[in-house]
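Structure assessment
Listed below, chain by chain, are the residues.
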Amino acid sequence: MTDVVENPEALSSMEIDVIGEVMNISMGTAATAMSTILNTKVNITTPRIETIGVDAFEFAYLEPVIGVLINYVEGIEGANVLLLQESDMKKILSQLFDMETSDDIEFDEISKSAIGEIMNQMMGAAAGALASFLGKVVNISPPILLDTTNKSSIRELFSLKGENLVSIKFNLSIEGLVESEFISAMEPNLAREIVSMSMGASGMGDEEEEAPPPPPVQPPPVQQAPVQPEAAYQPPPQAPQAEPTRVVRNDPPPAAYAPPQQPVQVNPYEYRQLGVDHNVNIPGDNLDLLMSVPIQITVELGKTRKKIKDIAELTLGNIVELDRQAGDQVDVIANGRLIARGDVVVVDDNYSVKITEIIKVRENPDPKNS
């Protein structure tokens, strides 16, 4: 009969529960970051975790995939590789670049830079959530897109760190775009470090088994002296004692001490007469003090809104069109609030603004909401 040898690096059921809860929190924050970038609903489900040998790790059903390497450099140390389908990343890029289809997406430098930024935002948010959960600073290095991502390259990457890895599978749902799965592969030592720090942060590691109360100490038995016969001892006769004399006094009880009372002076309150002006001393330097406070004045010529793809393609000589026509008035903004409008003029070779309209306070819109 052959004995089955258990994997010493395999996570226990309690460790799987802890790392699952931690990854659920961090990836939930990563989904929120991706939702903000894509401006659509993103959901990442509860992870499915297992410890598996490096040689047995398979992800053929996801290929071709894009591998993103994340190294934890502060707070915790270790490597984590995200494996995502190329077709899913093309759909995400088409949403980001506002393209109707993902067929025209190519993984050029712009696309790779966009993927790196998406992963940086997602995993940065996940690291921030992990830091809040652990109660210490957690930082990652910039995500690295692997040049070659296949079974051999992943096995070679993790075989240098041990014989096993922790496979964490997630379902990824992007509303109207992606219904798929991705894998996070990490070192067992990194997973155990996260589990150990999580248990320490939650106070689970400090709990000790309550020792049973010690048994009650029985007092030693009292040894009694042997009883002698009554005839052996006769107490000596005692002389009769005189009854003490009692003295009864009819003096009255002493009166309780009362401290002397101090006289209280009471004066009637004088109410002020209505309609009588009372002079109030207000220092006259306050207005001068307010007048000396500097205010930042900004003149806004115009603004526009462009996609990341258009901004990335800007070169020297390109023209950016604004939302105003030539000759339109410009806005004069003081500390972020619109106060006036005017025309652009030139005074001594310097641009200036000739005020043509003053904006009243009640009519003053908040530029942040416009």
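Check the entry above for the structure.
Conventions we followed
Residues numbered from 1 in each chain as written. Predicted model: local features only at pLDDT ≥ 70, side-chain atom pairs only at ≥ 80, totals over all residues. Heavy atoms only, no water. Helix = DSSP H or I, 4+ residues; strand = E, 2+ residues; numbered from the N terminus. Contact = heavy atoms within 4.5 Å. Core = buried A, V, L, I, M, F, W, Y, C linked by side-chain atoms within 4.5 Å. Buried < 20%, exposed > 50% of the residue type's maximum accessible area, 1.4 Å probe, protein only. Polar contact = N/O pair within 3.5 Å; in protein donor to acceptor, adjacent residues only side chain to side chain. 1 Å grid on protein atoms, 1.4 Å probe; cavity = no way out; pocket = protein on both sides within 12 Å on 5 of 7 lines; lining within 4 Å. Points joined across faces, edges and corners; volume = space filled by probe spheres on them. Nonpolar A, V, L, I, M, F, W, Y, C, P; charged D, E, K, R; others polar. Pairing = 2+ DSSP bridges. Axes fitted to C-alpha atoms, helices over the stretch in contact; angles between N-to-C directions. Arc of directions from axis to C-beta. Salt bridge = Lys/Arg side-chain N within 4 Å of Asp/Glu carboxyl O.

1. Here we look at the overall build of the protein chain
A count of helices and strands for the protein chain gives seven helices and twelve strands. Taking all contacts inside the protein chain whose residues are at least 6 apart in sequence as the whole, residues at least 24 apart take part in 63%.

2. Some words on the nonpolar core
Of all hydrophobic cores here, the largest spans 53 residues; its most connected members are Met-27 and Leu-82. With eleven residues, helix H3 (residues 109-134) is the single largest residue contributor to this core. Val-54, Leu-83, Ile-154 and Ala-185 belong to the second-largest nonpolar core, a separate cluster that totals 15 residues.

3. Quick word on the side chain of Gln-85
Looking at the element boundaries, Gln-85 is found in strand S4 (residues 78-85). Residue classification places Gln-85 among the buried positions, given a relative accessible area of 16%. There is a polar contact of 2.8 Å between the side chain of Gln-85 and the side chain of Ser-180. Among residues more than four places away in sequence, those in contact with Gln-85 are Tyr-61, Leu-62, Pro-64, Val-65 and Ser-180.

4. Things to note about the layout of surface pockets
Here the largest pocket defines a volume of roughly 290 Å³. Around the largest pocket sit Thr-36, Ile-37, Leu-38, Asn-39, Gln-95, Leu-96, Asp-98, Arg-305, Lys-306, Lys-307 and Ile-308, which together line it. Counting only elements with at least two residues in the lining of the largest pocket, the list comes to helix H1 (13-38) and helix H2 (86-96). Per-element tally for the lining of the largest pocket: the top contributor is H1, with three residues. Here the lining of the largest pocket is composed, by residue class, of four nonpolar, three polar and four charged.

5. Some points on H2
Taken together, the buried positions of H2 are Asp-88, Met-89, Ile-92, Leu-93, Ser-94 and Leu-96. Asp-98 sits one or two positions beyond H2 and adopts a positive phi of about 60°.

6. Brief notes about the sheet that holds strand S10 (residues 330-334)
Strand order in the open sheet formed by four strands is S9-S10-S11-S12, and the pairing between neighbours is antiparallel. The strands lining the two open edges of the sheet, one partner per strand, are strand S9 (297-300) and strand S12 (350-358). Each strand of the sheet is rotated relative to its neighbour by a mean of 40°, with strand direction disregarded. Summarising the sheet, S9 and S10 pair through four bridges and their orientation is antiparallel. For Glu-300, the partnering residue across the bridge sits in S10 and is Asp-331.

7. Some remarks on helix H4 (residues 151-159)
Of all the positions in H4, only Ser-153, Ile-154 and Phe-158 are classed as buried. On an axial view of H4, the arc spanned by its buried residues comes to 120°, and they lie on one face. With respect to the buried face of H4, the exposed residues turned more than 90 degrees away are Ser-152 and Glu-156. On its buried face, H4 is in contact with S4, strand S7 (164-174) and strand S8 (178-186). The N-terminus of H4 is capped by Asn-150, whose side-chain oxygen sits 3.2 Å from the backbone nitrogen of Ser-152.

8. A short note on the pattern of salt bridges
For the structure on display, the rule yields eight salt bridges. Among the salt bridges present, the one from Lys-307 reaches Asp-98, with a minimum N-O distance of 2.7 Å. A residue pair is termed long-range when its members are at least 10 positions apart, and Lys-307 in the loop between S9 and helix H7 (308-312) and Asp-98 in the loop between H2 and H3 qualify at 209 residues. Put simply, Arg-341 and Glu-357 hold a salt bridge, and the shortest N to O gap is 3.8 Å. Residue Arg-341 is located in strand S11 (residues 337-347), and its partner Glu-357 is located in strand S12; the two are separated by 16 residues in the primary sequence. By relative accessible area, which is 33% here, Glu-357 ends up partly exposed. A network of salt bridges, in which partner residues are shared, links Arg-324, Asp-331, Arg-341 and Glu-357.

In short, shape yes, function no, at least from these values alone.
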